[in-house]
Amino acid sequence: MKIGFSFFKNPKRGSRFGILGIILSGAIVIIYSLLYNYHEVITQSLFVGCIIIAIGIFIWIKKNLTIFYKELIKEDTLLLLQEEINLTKKEKEATIKENATLAEINHKYGHKISELEHYLKKVSYSLNNNVKFSNELSEIAQLVDNLSKEYSEEMTQRIKLNNELPKTKILEIDKMLEYMQSECIKNKISFNVKLKYPIHYLIEKFIPKSKLEILLADHIKNAIIAVNSYDKDVRKIMVTFDVVDNFYEIHISDTGIPFEINTLANLGTEPITTHSDTGGTGYGFITTFKTLNETKANLIIEEHDQNIHTYTKTLIFRFDNKNEYKIHSHRIDEIAQFSENGRIKFL
């Protein structure tokens with residue numbers, strides 16, 4: 001049985017008979033011991049029989065607890081899927097309403113633009129060799145500028161960069177994600193969260209809620225800095241909560257600037273950052289590696305081919321009880337020259 005999210009596997013029927021066999025074996029030992037008249041034999045056999053029965057009961061309880069957690073996760077997942085369906089319906093309704101509002105705005109400004117076009121034609125026709133040309137031209141420029149500002153302000157109030165985020169149902173995590181979304185909006189970055197599995201069991205068994213909150217906040221903030229530091233039209237950050245190969249994973253992907261090779265080689269060993277002028281301190285990864293050591297989780301950094309993928313990189317936090325630092329990159333040979341003592345495993 002894997003130490004991770006192994007309760008997603010269906011327990012085999014044979015295991016139930018095995019547990020029953022253990023308990024029956026213990027009972028047989030006890031009964032057999034009672035057939036002897038020797039006190040020492042009876043005492044030893046009773047003790048062994050009780051131990052066997054206790055082991056069987058312990059395994060039975062453990063098996064049933066995993067099944068119970070599995071059923072809870074199934075129920076939570078079904079509820080989560082229903083919430084996503086409802087959220088999609090709301091987003092669709094909001095989009096229809098938004099389109100109607102934008103159509104109304106365009107209709108309103110359409111009349112003003114038509115009037116301005118008519119005025120321009122009139123001025124163009126009458127201003128040949130007219131001494132008032134410069135004044136008229138100045139008035140036209142002012143009208144165009146005012147109209148442009150009015151239109152931009154009203155459209156800005158209507159257009160949103162992000163949708164409503166799915167809820168993890170962990171208050172502190174949800175509030176932190178909402179705050180990070182607001183920071184992304186300020187920086188004109190699209191921020192999305194995908195919640196493929198509930199995270200209650202993750203918090204109960206693998207990482208405390210407060211440490212998960214800090215972990216997410218640190219690396220979403222790093223992603224914002226990376227996106228702002230990269231001259232790229234696509235500005236996106238994606239946070240995904242998933243289960244892969246029976247283990248919880250958290251993915252944070254961004255379209256920001258790639259890591260420097262020296263940074264990758266020394267992550268977690270010392271405070272290191274190339275973005276101190278934009279708020280980077282380098283201490284985020286120091287805290288992260290302490291958390292990974294405590295929770296026995298992996299850090300996997302994947303660098304993506306920008307000709308194929310939207311995102312430049314993804315940080316994966318994998319709770320599989322291995323506590324390794326791995327890199328999957330096209331720059332493996334360069335990174336390996338800077339890494340020491342086999343600290344980094346390359347994929």
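Predicted model only: the values in this text are computed from it and were never measured.

### Considerations on the pattern of salt bridges
Pairs may arise between side chains of opposite charge once their charged atoms sit close together.
At step 1: Enumeration according to the criterion identifies twelve salt bridges in this entry.
At step 2: Its salt-bridge partner being Glu303, residue Arg331 comes within 2.6 Å of it at the nearest N-O pair. In this pair, Arg331 sits in the loop between β6 (325–328) and α9 (332–338) while Glu303 sits in strand β4 (residues 298–303), placing the two residues 28 residues apart along the sequence.
At step 3: Among the residues examined, Arg331 registers a relative accessible area of 16% and is labelled buried.

### Points about the sheet that holds strand β5 (residues 313–318)
At step 1: The sheet built from seven strands is open, its strands ordered β1-β2-β3-β5-β4-β6-β7 with mixed pairing. Looking along the sheet, the strands with just one partner apiece sit at the ends: β1 (190–195) and β7 (344–346). Averaged over neighbouring strand pairs, the angle between their axes works out to 20 degrees when direction is ignored.
At step 2: Relative to β5, strand β3 (residues 247–254) runs antiparallel, the two being bridged by six bridges. Residue pairing for β5: His251 is matched across the bridge by Ile316.

### Structural notes on unusual backbone geometry
At step 1: One non-glycine residue, Lys169, adopts positive backbone phi at about 70 degrees.
At step 2: Taking relative accessible area as the criterion, Lys169 reaches 46% and is therefore assigned partly exposed.
At step 3: Of note, the phi angle at Asn323 is positive, near 55 degrees, even though the residue is not glycine.
At step 4: If you trace the backbone, Asn323 turns up in the loop between β5 and β6.
At step 5: The exposure class of Asn323 is partly exposed, given its relative accessible area of 28%.

### Structural notes on the confidence of the model for the protein
At step 1: With 54% of its residues at a pLDDT of 70 or more, the protein shows a mean pLDDT of 75.
At step 2: Taken element by element, the predicted model of the protein shows its lowest mean pLDDT in helix α1 (residues 13–34) (58) and its highest in β5 (96).
At step 3: Confidence drops under a pLDDT of 50 for residues 5–14, and excluding neighbours within four residues, the segment shows 21 contacts in the predicted structure.

Reading guide: rules and limits
- Residues numbered from 1 in each chain as written.
- Predicted model: local features only at pLDDT ≥ 70, side-chain atom pairs only at ≥ 80, totals over all residues.
- Heavy atoms only, no water.
- Salt bridge = Lys/Arg side-chain N within 4 Å of Asp/Glu carboxyl O.
- Helix = DSSP H or I, 4+ residues; strand = E, 2+ residues; numbered from the N terminus.
- Buried < 20%, exposed > 50% of the residue type's maximum accessible area, 1.4 Å probe, protein only.
- Pairing = 2+ DSSP bridges.
- Axes fitted to C-alpha atoms, helices over the stretch in contact; angles between N-to-C directions.
- pLDDT = per-residue confidence, 0-100.
- Contact = heavy atoms within 4.5 Å.

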